[in-house]
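One letter stands for each residue in the lines below.
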Amino acid sequence: MVTLYLIRHCEAEGNVLGIFQGSTDLDISMVGKKQLEFLSKRFNSIHIDKVYSSPLIRAYKTAEAVAASKGLRPIVDAG
């Protein structure tokens, strides 16, 4: 059986500034950094084989928070 987890990126600077980000590559916010810590802990006991991310920094850092504790690196897909 395959289980798929879909995770939205953590809070980014664009969220804080109230601007539309789209493909604008803005970093995560201070709140976003805290969210990454909680996300990483949430997935500690969950088996994961692969992690995919867009190349945007907010998405990649979010994927990395899940992948790092598993010894994985996010697979970047611009599509």
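*Asks:* Talk me through helix H3 (residues 57-67); I want residue IDs and the actual numbers.
*Replies:* Counting buried positions along H3 gives eight out of 11 residues, so the element sits mostly inside the fold. Inspection of H3 places Arg 58, Ala 59, Tyr 60, Thr 62, Ala 63, Ala 65, Val 66 and Ala 67 among the buried residues, and these make up the whole buried set. Elements that come into contact with the buried residues of H3 comprise helix H2 (30-42), strand E1 (52-53) and strand E2 (75-76).

*Asks:* Residues and numbers for the pattern of salt bridges, please.
*Replies:* All chains considered together, the criterion is met by two salt bridges. The shortest N-O distance in the salt bridge between Lys 61 and Asp 27 comes to 2.9 Å. Of this pair, Lys 61 sits in helix H3 while Asp 27 sits in the loop between helix H1 (13-17) and H2, placing them 34 residues apart in sequence. Judged by its relative accessible area of 31%, Asp 27 falls in the partly exposed class. Glu 37 is the partner of Lys 34 in a salt bridge, and the nearest nitrogen-oxygen pair spans 3.4 Å. With Lys 34 and Glu 37 both in helix H2 and three residues apart, the pair spans about one turn of that helix. Of the residues examined, Lys 34 reaches a relative accessible area of 43% and is grouped as partly exposed. For Glu 37, a relative accessible area of 41% translates into the label partly exposed.

*Asks:* Break down H2 for me, citing the residues and quoting the values.
*Replies:* Here H2 is 13 residues long and its end C-alpha atoms lie 19 Å apart, about the 18 Å a rise of 1.5 Å per residue gives. The complete set of buried residues in H2 reads Gly 32, Leu 36, Leu 39 and Ser 40. Seen along its axis, H2 keeps its buried residues to an arc of 95°; they face one direction. Set apart from the buried face of H2 by more than 90 degrees, the exposed residues are Met 30, Phe 38, Lys 41 and Arg 42. Of the surrounding elements, those touching the buried residues of H2 are H3. For H2, the N-terminal cap is Ser 29; the gap from its side-chain oxygen to the backbone nitrogen of Val 31 is 3.4 Å.

Calculation notes
- Counting restarts for each chain: residues are numbered from 1 in the order of the written sequence.
- Since the coordinates come from a predicted model, pLDDT governs what is reported: local features require at least 70, and pairs of side-chain atoms require 80 or more to be given and counted, while whole-chain, interface and lining totals use all residues.
- Calculated side-chain values reflect all of the structure's heavy atoms, with hydrogen atoms and water omitted.
- Only protein chains enter the accessibility calculation, which uses a 1.4 Å probe; a residue is then buried when its area is under 20% of its type maximum, exposed when over 50%, and partly exposed in between.
- Note on conventions: DSSP H or I runs of at least 4 residues are helices, E runs of at least 2 residues are strands, and numbering of each starts at the N terminus.
- Here, two residues are considered to be in contact whenever any of their heavy atoms come within 4.5 Å of each other.
- By definition, a salt bridge exists where a carboxyl oxygen of Asp or Glu is found within 4 Å of a side-chain nitrogen of Lys or Arg.
- Expected helix span is computed as 1.5 Å times (number of residues minus one).
- The arc in question is the one traced by the directions running from the helix axis out to the C-beta atoms.
- Under the rule applied, a polar contact is a pair of N or O atoms within 3.5 Å (in protein, one hydrogen donor and one hydrogen acceptor; residues adjacent in sequence only if both atoms are side-chain atoms).

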